[in-house]
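Structure assessment
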Amino acid sequence: MNPEKKSIELPEKYMEKMRRLLGETELKAYLTCMEEETFRGIRLNPLKVTEDCRAGVLSSADARTEEPVPWSDSLGYYYEKTGMPARHPYYYGGLYYLQEPSAMAPGAILPVEPGDRVLDLCAAPGGKSTQLGARLAGSGFLLSNDISASRANGLLKNLERFGIGNILVSSEEPERLLHNFPVYFDKILVDAPCSGEGMFRREPSMIRSWTEKGPEHYIPIQKELLRCACGMLKPGGMLLYSTCTFAEEEDEDNIEWICEEIPELEPVPVPLKYGFVQGSDGASIRLFPWRLSGEGHFLSLLRKKGSPDFDSRETRQACSADMEKNNRDFLKKREELAGFLKLVHRPVEKEGYFWEREGQVYLLPIPREKLPPIRFLRTGLLLGTLKKNRFEPSQALAMYLKKEEFENGVDFPSEDLRTVKYLKGETVEADNAVIWGKDGWCLVCTDGYPLGFAKRSRMTLKNKYYPGWRWQ
Ligand SMILES: C[S@@+](CC[C@H](N)C(=O)[O-])C[C@H]1O[C@@H](n2cnc3c(N)ncnc32)[C@H](O)[C@@H]1O
């Protein structure tokens, strides 16, 4: 499958460890596979890609349709080294995310359901958050956090590009999150920073950083992440801990430690399918690159004993009455927004709470009073900005909508040069074959998938695509 050979030198200390973990035969298989080409994958966005257009999207993304990533909920596909899925307008339309195939497992195995409160504690750049957010299908919400503010910016862009509106994005210390969200979440992912042993083939620079900062550097960080995350988990809730390292001291040993610290936690065995290898605790799993088509990951699923609260239906009914009142009052005060929403053929006023801060209007997934004082990069879906007597819609709103959900639009074929021109920020001219509606705000699409907004005057489209999102 991977004919190209490459040579990777591994530190002796690491080799000894792997020999102990694997034994001679498996070690040989490991070393052989380290000379082969790395696996590359894309994961489709189920919020945008329907069954009937799946084949077309995959072929545009240069993906191999005959071989889905087995553990990816039928959303992941492989592509060859020569493929360039990030150089297609569909990538800009949020139709898929580029993700190493083994990294698709945690987001597929954590059993997220619509309506859940989900926390992704170490979320940037958003591979797993985009997956978890899509699984919520617009109901419940996802708090995506990363301690690095610069990385969290990229995370936000990826979530917005995927069209996920029910998000909170923060850049906070886990301890501070714990203080503000004790015993709060139904599902939590801790995709911890680690020594990265599973990434050595894909990113050989990780080998050097392993010799400088090996497992010992990461263990205390991982324990702290687990301690805080478990404190935020509700009884009956599930937590998935994952790393991209094979080191037992960062993997099973941490799980054993947290289960001793918090006796209400119990490991939930992950089914041994697809070539997964059982961890030494009998419940967790490893993905090894010589056993399956992926680079390497460790996963452990934990459950907090006790029953989930069953008041959620009542709470939701009360919430929807509050939401209606909040939004009615808001629209009375903000006629510019009310006027703009006449162009939107989707009941956004039933999908969250309108809230304004410094001229920006958001659709919050939870009432404003429930937002704790933490460092948010984003609170819900940014709908747009209130200017003097007018409302300017955001890029995030364009990505949230479907083509038919906006009154005025233009739809360029993806191979039409005007599509890339639009993505580069240029003014483009439309024609009668591709445009509908009237002058004013216009949703620019490609093959039926929204890319952003433009301001239309006759056939001229003044570009409103965000500069930070442009085609490079
Ligand atoms: C393995 S990466 C996460 C990858 C991400 N889950 C994805 O799928 O795209 C680990 C992340 O943890 C973040 N991180 C490191 N220490 C942290 C801490 N104490 N709290 C929160 N995030 C942390 C890093 O900035 C890094 O982005």
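Everything quoted here is computed from the prediction, not taken from an experiment. (Residues numbered from 1 in each chain as written. Predicted model: local features only at pLDDT ≥ 70, side-chain atom pairs only at ≥ 80, totals over all residues. Heavy atoms only, no water.)

**What to know about the UniProt feature "domain: SAM-dependent MTase RsmB/NOP-type" (unreviewed entry) in the chain**
With numbering matched to this structure, UniProt assigns "domain: SAM-dependent MTase RsmB/NOP-type" (unreviewed entry) to residues 30-305. Taken end to end, residues 30-305 comprises 32% helix and 24% strand; its first and last C-alpha atoms sit 38 Å apart. (UniProt positions renumbered as here; feature names shortened; annotations may be inferred. Helix = DSSP H or I, 4+ residues; strand = E, 2+ residues; numbered from the N terminus.)

**Re the sheet that holds strand β14 (residues 353-357)**
By definition, the strands of a sheet pair up through backbone hydrogen bonds, in either a parallel or an antiparallel sense. In space, the 4 strands of this open sheet follow the order β14-β15-β17-β18, with antiparallel pairing throughout. With one partner strand each, in any of the chains shown, β14 and β18 (390-393) form the two edges of the open sheet. This sheet shows a mean twist of 30° between the axes of neighbouring strands, independent of strand direction. Looking at chain direction, strand β15 (residues 360-364) and strand β17 (residues 381-387) are connected through 4 bridges and run antiparallel. When the sheet's bridge partners are listed, Gln-360 is paired in β17 with Thr-385. (Pairing = 2+ DSSP bridges. Axes fitted to C-alpha atoms, helices over the stretch in contact; angles between N-to-C directions.)

**Regarding unusual backbone geometry**
Most of the time, phi is negative for any residue but glycine, and the peptide bond is trans. Omega for the peptide link from Ala-124 to Pro-125 comes to 5°, which places this bond in the cis form. Along the polypeptide, Pro-125 turns up in the loop between β5 (117-120) and α5 (127-136). Positive phi, close to 60°, is recorded for Ser-74, a residue that is not glycine. Along the chain, the position of Ser-74 falls in the loop between β2 (63-68) and β3 (76-79). For Ser-74, a relative accessible area of 46% puts it in the partly exposed group. The residue Val-183 is not glycine, and still its phi comes out positive at about 45°. (Buried < 20%, exposed > 50% of the residue type's maximum accessible area, 1.4 Å probe, protein only.)

**Notes on the confidence of the model for the chain**
Per-residue confidence for the chain averages 95 on the pLDDT scale, and 97% of its residues sit at or above 70. Two summary scores accompany this predicted model of the complex, namely pTM at 0.96 and ipTM at 0.99. (pLDDT = per-residue confidence, 0-100.)

**Focus on helix α9 (residues 215-232)**
With 18 residues, α9 should cover 26 Å at 1.5 Å per step; its first-to-last C-alpha distance of 25 Å lies within 8% of that length. For α9, the set of buried residues is Pro-215, Tyr-218, Ile-219, Gln-222, Leu-225, Leu-226, Cys-228, Ala-229, Cys-230 and Met-232. (Expected span 1.5 Å × (residues − 1).)

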